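# Chains, contacts and geometry: an overview
Here's the letter readout for the chains.
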Amino acid sequence: LLSSRYEFCNESLRVAEEKLKHAFDSAINHAPCVMILREINVLTKQDILSMGSSNGEEPRIITAFEKFITNTTEEIRNSHFPVIIIGVTSQSKDVSPRIQQCFLNEMIIAPPTQEERIRMLKGLSQYHHTSIEVNIQDIARRSAGFVLGDYVTLLSKAKLNAFKDLVKDRYPNRWIESHNISIHGILIQPHHLNA
């Protein structure tokens, strides 16, 4: 099960709590399962905290999260079917300590180094015809913070740009489907990566 920040952003506090409760109930109903809460830091973002009480009470959404995770843990103990709850964020400093305490372990995954990014690009370029003018080292240097999925997207878009150029140059008055562009032997040029 996957929940993202978009489910909780820009919602009234009551609606955000209901959606959070629904996410945890779904996890219990689908057990055994893995529940991934993406961008968990959104639960402590100022726009949600500001909807809580301003008189010193704990923010309601954090209290609700603690309650739901505790209830889910109790339900799991009474069942033979596990639910693994994973909270994911790219900004751990923004996650409330109270939410952090709800999890047993913390794993920090550093972004790939430049050398790792070069290896990813070289591996992916085996499946995409790239011109010798495409400088993989330069792309890796300019894309600090990219992960494998980002490079897959980058090369897929570059291939689509190359396909559009091919169609425009060779078949200016014809519509050609782009659903199987690999059969055309399309060569990705440096400018396709920047388009």
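A quick note: this is a predicted structure, and the numbers were derived from the prediction, not measured.

Criteria and thresholds
- Residues numbered from 1 in each chain as written.
- Predicted model: local features only at pLDDT ≥ 70, side-chain atom pairs only at ≥ 80, totals over all residues.
- Heavy atoms only, no water.
- Helix = DSSP H or I, 4+ residues; strand = E, 2+ residues; numbered from the N terminus.
- Buried < 20%, exposed > 50% of the residue type's maximum accessible area, 1.4 Å probe, protein only.
- Contact = heavy atoms within 4.5 Å.
- Areas by Shrake-Rupley, 256 points an atom, 1.4 Å probe, with all protein chains shown as cover.
- Expected span 1.5 Å × (residues − 1).
- Arc of directions from axis to C-beta.
- Salt bridge = Lys/Arg side-chain N within 4 Å of Asp/Glu carboxyl O.
- Patch = residues over 30% accessible without salt bridge, like charges linked within 9 Å, V, L, I, M, F, W, Y side chains within 5 Å.
- Pairing = 2+ DSSP bridges.
- pLDDT = per-residue confidence, 0-100.

### Structural notes on the overall build of the protein chain
The helix and strand inventory of the protein chain stands at 8 helices and 3 strands. Going residue by residue from the N terminus, the α and β elements of the protein chain occur as β-α-β-α-α-β-α-α-α-α-α. The buried share of the protein chain, taken over its 195 residues, is 32%. Within the protein chain, counting contacts between residues at least 6 apart in sequence, those at least 24 apart form 72% of the total. For the protein chain, the accessible surface area stands at approximately 12900 Å², while carbon and sulfur atoms represent 53% of it.

### What to know about helix H5 (residues 114-125)
If you check H5, its first and last C-alpha atoms are 16 Å apart, about what 12 residues at 1.5 Å a residue would give, namely 16 Å. Among all positions in H5, only Arg-117, Ile-118, Met-120, Leu-121, Leu-124 and Ser-125 are buried. In an axial view of H5, the angular spread of the buried residues amounts to 160°, which keeps them on one side of the axis.

### Comments concerning the pattern of salt bridges
All chains considered together, the criterion is met by 4 salt bridges. Where Lys-21 meets Asp-25, a salt bridge forms, and the shortest distance between an N and an O atom there is 2.8 Å. You can see Lys-21 and its partner Asp-25 sitting in helix H1 (residues 13-29), 4 residues apart, about one turn around the helix. A relative accessible area of 31% means that Asp-25 is categorised as partly exposed. Each of the salt bridges in this network shares a partner with another, and the network as a whole consists of Asp-138, Arg-141 and Arg-142.

### A few points about the environment of Gly-145
Here Gly-145 lies in the loop between helix H6 (136-142) and helix H7 (148-170). Distance in space between the C-alpha atoms of Gly-145 and Ala-110 is 9.1 Å, their sequence separation being 35 residues. Filtering out sequence-adjacent residues up to four positions away, Gly-145 remains in contact with Pro-111, Arg-117 and Asp-150.

### As for the environment of Tyr-127
Here Tyr-127 is to be found in the loop between H5 and H6. The sequence separation of Tyr-127 and Leu-155 amounts to 28 residues, and the corresponding C-alpha distance is 9.7 Å.

### Some details on the environment of Gln-101
For Gln-101, the position within the fold is in the loop between helix H4 (97-100) and H5. Among the residues examined, Gln-101 registers a relative accessible area of 65% and is labelled exposed. Each C-alpha atom of the pair Gln-101 and Glu-66 lies 9.2 Å from the other, and the pair is 35 residues apart in sequence.

### A look at a nonpolar patch on the surface
A cluster of nonpolar side chains, namely Val-34, Ile-84, Ile-86 and Val-88, defines an oily patch on the protein surface of about 290 Å² accessible area. What makes Ile-84 partly exposed here is its relative accessible area of 48%.

### Side note on the pairing of strand E2 (residues 33-37)
Residues Cys-33, Met-35 and Leu-37 of E2 are buried on one face, while the alternating residues Val-34 and Ile-36, pointing to the opposite face, are not. Relative to strand E3 (residues 83-87), E2 runs parallel, the two being bridged by 5 bridges. Bridged to Cys-33 within E3 is Val-83.

### Examining the confidence of the model for the protein chain
Residue-level pLDDT values for the protein chain average 76, and 76% of them are 70 or greater. Averaged over each element, pLDDT in the protein chain is lowest for helix H2 (residues 46-49) (46) and highest for H6 (93). With pLDDT under 50 throughout, residues 51-57 is counted as low confidence; its partners more than four residues away or in other chains account for 4 contacts. Here residues 178-183 is a poorly scored stretch, pLDDT under 50, and it has 7 contacts once near neighbours within four places are set aside; other chains count.

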